[in-house]
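Here is what each chain is made of, one letter per residue.
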Amino acid sequence: MNISVAEKLYKIGSVAACSGLSVKTVRYYEEMGLLSPAVERSPAGYRLFEAGVFNRLAFIKRCQSLGLSLQEIKDILQVRDRGELPCSEAKEHLKAKVEAISGQIAALETLKGELQYILNRWQEQPSPESITRTICPNIQRD
């Protein structure tokens with residue numbers, strides 16, 4: 001990493017404080033490779049971050065708020081780190097997320113219907129026979 005003499009480097013505590021993340025989280029992101037190439041090590045082994053790390057951390061936080069996993073975010077950042085605009089990569093991940101959410105919504109609608117059906121047929125005093133055969137006759141129909 002070529003850093004100009006005038007460029008300020010930040011220690012992990014400063015990066016954490018300025019980004020609103022914990023030191024542990026910043027360390028984890030760095031270990032996952034999410035913060036490269038904005039990080040290097042000092043001769044004493046301290047993590048030193050370029051100012052660009054703040055943009056990367058803001059991007060990571062935004063992607064997480066959109067439901068992307070850290071691996072998906074890493075895929076997008078790797079495209080950027082190759083010098084390419086990662087928008088098409090990001091779009092594919094977001095489209096996949098929308099499809100997954102649609103599937104979850106459909107599953108939840110099915111579950112909601114099943115729960116509503118059970119509640120609509122609820123018996124406060126089930127028959128004695130059904131009580132002996134089931135744990136809860138309202139949930140376990142004969």
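Our subject is the structure listed above.
Residues numbered from 1 in each chain as written. Predicted model: local features only at pLDDT ≥ 70, side-chain atom pairs only at ≥ 80, totals over all residues. Heavy atoms only, no water.

**Here's the deal with the sheet that holds strand β1 (residues 10–11)**
Move 1: On the basis of which strands lie adjacent, the open sheet formed by 3 strands has the order β1-β3-β2 and antiparallel pairing. Edge positions in the open sheet fall to β1 and β2 (39–41), since each of these has one partner strand only.
Move 2: Running over the sheet, helix α2 (residues 23–32) touches β2 and β3 (47–49) and is turned about 90 degrees from β3. (Pairing = 2+ DSSP bridges. Helix = DSSP H or I, 4+ residues; strand = E, 2+ residues; numbered from the N terminus. Contact = heavy atoms within 4.5 Å. Axes fitted to C-alpha atoms, helices over the stretch in contact; angles between N-to-C directions.)

**Quick word on the environment of Gln 123**
Move 1: Structurally, Gln 123 can be placed in the loop between α5 (87–120) and α6 (128–133).
Move 2: As a C-alpha pair, Gln 123 and Ser 88 span 35 residues in sequence and 54 Å in three-dimensional space.
Move 3: When residues no more than four places from it in sequence are discounted, the contact partners of Gln 123 are Asn 138 and Arg 141.

**Concerning the packing of aromatic side chains**
Move 1: Counted by the stated rule, this structure contains 1 aromatic pair.
Move 2: Here Tyr 10 and Phe 54 contribute two aromatic rings whose centre-to-centre distance is 5.1 Å and whose plane-to-plane angle is 85 degrees, an arrangement assigned as edge-to-face. A residue pair is termed long-range when its members are at least 10 positions apart, and Tyr 10 in strand β1 and Phe 54 in helix α3 (residues 53–65) qualify at 44 residues.
Move 3: Here the basic side chain of Lys 11 rests over the ring of Tyr 46, its NZ or CZ set 5.0 Å away from the ring centre. (Phe/Tyr/Trp six-rings, centres within 6.5 Å; stacked < 30°, edge-to-face > 60°. Lys NZ or Arg CZ within 6 Å of the ring centre and 35° of its normal.)

**Remarks on unusual backbone geometry**
Move 1: In this model, Ser 36 is joined to Pro 37 through a cis peptide bond whose omega is 5 degrees.
Move 2: For Pro 37, the position within the fold is in the loop between α2 and β2.

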